[in-house]
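One-letter residues, chain by chain:
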There are 2 protein chains.
Amino acid sequence: MRRVAVAGVGMTKFGVSEKSQVEMFAEAAMEAIDGSNLKARDIQALYLGNGLGDFEEGQMNLAPLCAFELGLPVGAPAVRVEGACASASVAIREAFIWVASGFYDVVLVGGVERATAMGTPLATRTFAMGADSRYEGFSGVTFPGAFAMVTRMYAEKYGLPLEVLKRHMALVAVKNHKNGVKNPLAQFRKEISVDTVLNSAMVADPIQLFDCCPFSDGAAALVLAAEDVAKKLCPQPVYVRGVGQGSNGPLYRQRDITRIRAREEAAAQSYRMAGLTPADIDVCELHDCFTIAEIVASEGLGFFPFGQGSAAVEKGETAIGGRIPINPSGGLKAKGHPIGATGAAQAYEIVKQLRGECGDRQVAGARVGMTDTLGGDLATLVNIIYGV
Amino acid sequence: MRRVAVAGVGMTKFGVSEKSQVEMFAEAAMEAIDGSNLKARDIQALYLGNGLGDFEEGQMNLAPLCAFELGLPVGAPAVRVEGACASASVAIREAFIWVASGFYDVVLVGGVERATAMGTPLATRTFAMGADSRYEGFSGVTFPGAFAMVTRMYAEKYGLPLEVLKRHMALVAVKNHKNGVKNPLAQFRKEISVDTVLNSAMVADPIQLFDCCPFSDGAAALVLAAEDVAKKLCPQPVYVRGVGQGSNGPLYRQRDITRIRAREEAAAQSYRMAGLTPADIDVCELHDCFTIAEIVASEGLGFFPFGQGSAAVEKGETAIGGRIPINPSGGLKAKGHPIGATGAAQAYEIVKQLRGECGDRQVAGARVGMTDTLGGDLATLVNIIYGV
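Residues numbered from 1 in each chain as written. Chains lettered and ligands numbered in written order. Predicted model: local features only at pLDDT ≥ 70, side-chain atom pairs only at ≥ 80, totals over all residues. Heavy atoms only, no water.

A. Expanded view of the overall build of chain A. When helices and strands are tallied, chain A shows 14 helices and 11 strands. Taken along the three principal axes of its C-alpha coordinates, chain A extends 55 × 45 × 40 Å. Of the contacts made within chain A by residues no fewer than 6 positions apart, 77% connect residues no fewer than 24 positions apart. For chain A, the centre of its 37 positive side-chain charges and the centre of its 41 negative side-chain charges are spaced 3 Å apart. (Helix = DSSP H or I, 4+ residues; strand = E, 2+ residues; numbered from the N terminus. Contact = heavy atoms within 4.5 Å. Lys, Arg positive; Asp, Glu negative; His and termini not counted. Charge placed at Lys NZ, Arg CZ, Asp CG, Glu CD.)

B. Structural context of the pattern of salt bridges. Applying the stated criterion across every chain, the model contains 38 salt bridges over all chains. The salt bridge involving Glu 349 of chain B is made with Arg 361 of chain B; its shortest N-O contact spans 2.8 Å. Separated by 12 residues along the polypeptide, Glu 349 of chain B in helix α14 (residues 342-354) and Arg 361 of chain B in the loop between α14 and β10 (368-375) bring together distant segments of the chain. The buried category is assigned to Arg 361 of chain B, whose relative accessible area is 6%. We note a salt bridge from Arg 355 of chain B to Glu 357 of chain B, for which the minimum N-O separation is 3.6 Å. Linked by salt bridges that have partners in common, Arg 3, Glu 227 and Lys 231 of chain A make up one network. (Salt bridge = Lys/Arg side-chain N within 4 Å of Asp/Glu carboxyl O. Buried < 20%, exposed > 50% of the residue type's maximum accessible area, 1.4 Å probe, protein only.)

C. Highlighting the pairing of β10 of chain B. Residues and elements named next belong to chain B. Across the 8 residues of β10, 8 count as buried, placing the element largely inside the fold. Across the two faces of β10 the burial is the same, with Val 368, Met 370, Asp 372 and Leu 374 and Gly 369, Thr 371, Thr 373 and Gly 375 all buried. Of the strand pairs in this sheet, β10 and strand β11 (residues 380-387) are connected by 8 bridges, and their pairing is antiparallel. Note on β11: the bridge partner recorded for Gly 375 is Thr 380. Hairpin connection, β10 to β11: the antiparallel pair is bridged by 4 residues, and Gly 376 has positive phi, about 75°. (Pairing = 2+ DSSP bridges.)

D. Representation of the interface of chain B and chain A. Opposite the 61 residues of chain B that make contact, chain A presents 61 residues. Both faces considered, chain B and chain A share a buried interface measuring about 5100 Å² in area, 57% of it formed by carbon and sulfur atoms. Put simply, chain B and chain A have 4 salt bridges between them. The closest approach of N and O atoms between Arg 134 of chain B and Glu 69 of chain A, which form a salt bridge, is 3.7 Å. (Buried area = accessible area lost by both parts, 1.4 Å probe.)

E. The arrangement of the domain arrangement of chain A in detail. Residues and elements named next belong to chain A. Taken as a whole, chain A is organised into domain 1 (4-119 + 215-239) and domain 2 (133-213 + 241-387). Taken over C-alpha atoms, the centre of domain 1 sits 23 Å from the centre of domain 2. Listed as interface residues are 41 residues of domain 1 and, on the opposing side, 41 residues of domain 2. Together, the buried faces of domain 1 and domain 2 total about 3100 Å²; carbon and sulfur atoms form 66% of this surface. Viewed at the interface, domain 2 and domain 1 are joined by 0 salt bridges. The tally of links between domain 1 and domain 2 comes to 11 residue pairs in polar contact (both at pLDDT 80 or more). Every element with two or more residues in the side of domain 1 that touches domain 2 is listed here: β1 (4-11), α4 (87-100), β4 (106-114), β7 (217-226) and β8 (238-247). Of the residues forming the side of domain 1 that touches domain 2, the biggest block, 7 residues, is contributed by α4. When its residues are assigned to classes, the side of domain 1 that touches domain 2 shows 21 nonpolar, 15 polar and 5 charged. (Domains from an automatic or database assignment. Polar contact = N/O pair within 3.5 Å; in protein donor to acceptor, adjacent residues only side chain to side chain. Nonpolar A, V, L, I, M, F, W, Y, C, P; charged D, E, K, R; others polar.)

F. Spatial organisation of the relation of the copies chain B and chain A. Between chain B and chain A, the superposition needs a rotation of 180° and an axial shift of 0.0 Å, giving an RMSD of 0.0 Å. Read as a symmetry element, the transformation amounts to a two-fold axis. Residues of chain B ranked by C-alpha distance from the rotation axis are headed by Val 81 of chain B, positioned 2.2 Å from it. A shared interface surface links the copies, since 100% of the contact residues of chain B are contact residues in chain A too. (Least-squares fit on C-alpha atoms with pLDDT ≥ 70 in both.)

G. Structural detail: the side chain of Glu 94 of chain A. Tracing the sequence through the fold places Glu 94 of chain A in helix α4. Of the side chains with opposite charge, Arg 93 of chain A comes closest to the buried, unpaired Glu 94 of chain A, at an N-O distance of 4.1 Å. Once residues within four sequence positions are removed from consideration, Glu 94 of chain A is found in contact with Tyr 47 and Val 81 of chain A together with Tyr 47, Val 79, Glu 94 and Trp 98 of chain B.

H. Just unusual backbone geometry, in detail. For the peptide bond that leads from Asp 205 of chain A to Pro 206 of chain A, omega is 10°, which places it in the cis range. When you line up the elements, Pro 206 of chain A lands in the loop between β5 (202-204) and β6 (207-208). Here Ala 84 of chain A, not a glycine, exhibits a phi torsion of approximately 50°, which is positive. For Ala 84 of chain A, a relative accessible area of 3% gives the class buried. One non-glycine residue with positive phi stands out, namely Asn 61 of chain B, at about 45°.

I. Looking closely at the side chain of Arg 80 of chain A. Relative to the helices and strands, Arg 80 of chain A resides in strand β3 (residues 78-82). We classify Arg 80 of chain A as buried; its relative accessible area is 3%. Here the side chain of Arg 80 of chain A touches Asn 50 of chain A through a polar contact of 3.0 Å, landing on its backbone oxygen. Engagement of the side chain of Arg 80 of chain A in a polar contact is seen with the backbone oxygen of Gly 51 of chain A, the distance being 2.8 Å. Ignoring sequence-local partners within four residues, the contact set of Arg 80 of chain A consists of Leu 48, Asn 50, Gly 51, Leu 52 and Ala 63 of chain A together with Arg 80, Val 81 and Glu 82 of chain B.

J. Representation of the environment of Ser 133 of chain A. As for its placement among the helices and strands, Ser 133 of chain A is situated in the loop between α5 (120-127) and α6 (143-157). Remark: the alpha-carbon pair of Ser 133 of chain A and Leu 354 of chain A, spanning 221 residues in sequence, is separated by 40 Å. If we ignore the near neighbours within four places in the chain, the residues touching Ser 133 of chain A are Phe 138 of chain A together with Glu 57, Gly 58 and Gln 59 of chain B. Within polar-contact distance, the side chain of Ser 133 of chain A engages the backbone oxygen of Glu 57 of chain B at 3.1 Å.

K. Geometry of helix α7 (residues 162-181) of chain B. Compared with an ideal rise of 1.5 Å per residue, which puts 20 residues at 28 Å, α7 of chain B spans 29 Å between its outermost C-alpha atoms and is within 8% of the ideal. Counting buried positions over the 20 residues of α7 of chain B gives 14, a clear majority of the element. (Expected span 1.5 Å × (residues − 1).)

L. Inspection of the environment of Lys 315 of chain A at higher detail. Structurally, the position occupied by Lys 315 of chain A is in the loop between α12 (309-314) and α13 (331-335). Each C-alpha atom, one on Lys 315 of chain A and one on Ala 115 of chain A, is 35 Å from the other, the two residues being 200 residues apart in sequence.

M. Inspection of the pairing of strand β11 (residues 380-387) of chain A at higher detail. Residues and elements named next belong to chain A. Counting buried positions over the 8 residues of β11 gives 8, a clear majority of the element. Taking every second residue as pointing to the same face, both faces of β11 are buried, with Thr 380, Val 382, Ile 384 and Tyr 386 on one and Leu 381, Asn 383, Ile 385 and Gly 387 on the other. Pairing between β8 and β11: 8 bridges, direction antiparallel. Note on β11: the bridge partner recorded for Val 240 is Tyr 386.

As structure tokens, then:
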């Protein structure tokens, strides 16, 4: 296996866009290709994460359309992968092996989604297809409902008064909005307070509106290259040091939804490959689709003992400057969540952090970073560790 | 790179099924796992081709649901890939690299689709999302229409009277139905005549009903294993000798739709990796979504000079017993076309042929076989060469 580096990254502003998915992805991809000092004709394959392009734009088989728009060679395979909200991270792991194995030297990977066109209520129901449709879908389970159950189980399991947990969850939102203000590509760039969260509309009791990430349009992309190639292309290659992916059954078949088994497996795989432990991670972008999701993820990745991720937020341990800064980009909560692009946007942030290019939101001295992306009803989990 | 073998294969009967996609895939996958003398817990990853599970069953992120149903380990990544009708062949190529690279020893791969539930007219419009939605979709282009254009351009380019071409196309259907009679898993097991085709309903002039493959429900699966592992598992491993994949822009951006550039690139890649030429292929399963598609594919793969694939059908060169038997399974035309499963079903047939297990439809002495799978409006093309 060869070492694999990120030679360049690109990302659109997240939010509401009038552009097509092909156009958004092309924008992010050209930034990544230009930043790698390459031309589109140099790219040997494309891996594209996309969740529901068919529902959003009546478009399936999106990958070759993106490849053609960019001017990639006809001989370059263009592959769309779908793992619900984890699609782009699944794509990065696929792209990784083609370079690590020596088959390709330079591969483009990323994700795109145009999730806002349907509006939030319909999008919420539509993206619930990422959960089990046979039993959960017909029971009306949507993702806010699923994470409402996680919240109640977390409070119950750890004997935490719900009011205390809800305050800690609100602090996750406050932190991520504060970080988002410093990210020019974030969808929401406005600070909020604990009261903003606790006074917001109830979505799925006890999940309130400001506990939820938005739906977003956007794209992000990376160029992965073999180590020797990357060293010639760019002054600051960032390396993929570990990858991991796990798979769970649907929510209704899981014993303890406060712990995502697929995450524990995926994280263990990525730490093992990197030869690192949670204590070695300097910065992490993780899947805060809901505020409670950030708390359980911070435990599942090993940053805090189970049941203590909640209090850690209040202590400021996950803020920029804290022990393990989480979601300095603003996270899904403030940066936005274009489903199929999210994993690539997390990678974009980590690469920028490890290059020291994050300005006001820079995590000082960050040398190792991690991404964590969840797809479906706790069903797909991808972790990737990057290092300089 | 290690040699990769197929240790086991499985396939459901194709046709109309009341089973869910998870159930159909589980049936095919368990046959492949049992046939490999493995247990589900031995599988290290799953690659699943699926086209439109969201439209068909309201189900996205299908792969981990299949993995869970089968009892695969939580640490096994489950990845859905979508390349329209080529989805399963894209999945096989992805599974291949994880084994070839030495990362995994045993990987499950396949595809599934439940395409009949919407009925053919709606399915035709829905699957047209595999073509370009921005320009072609709004112009009303569906796949029968696209291949009607291919037919007219083929006749024009090669100076072939349309009546002659249409007779040759009808002979493709007659041959594939004849083969399908001998395949217990085929959807249509009834011989037809040239008159059956030429008297059938007009779908998109000059494509008639019997020039078209059906929509189908079904699943197929393979277990890929490293050579040394496969040799211990099964008496007759079949090897993946070459893989290739190409990508084109949409139909409306292509200069000559009688030649699919992505196919010519993909075929060249697979021949090069295998160290073989078209003359070395003993049997081929190719993408006869329409009768004209079989003719242009037989040329694009190098079996006949461009413009001569049509006459070759009349000479019987593509029949079982002919120079290069094409679609002994009955092809998409008679065996059926469950979109996301088709590439895996082609692989199933080639593996069975190379093992000499095809009974009445056996191609005598077949030692090298090839699959050819087309996705979208000539946009994705995957070729895989298998050998004993």
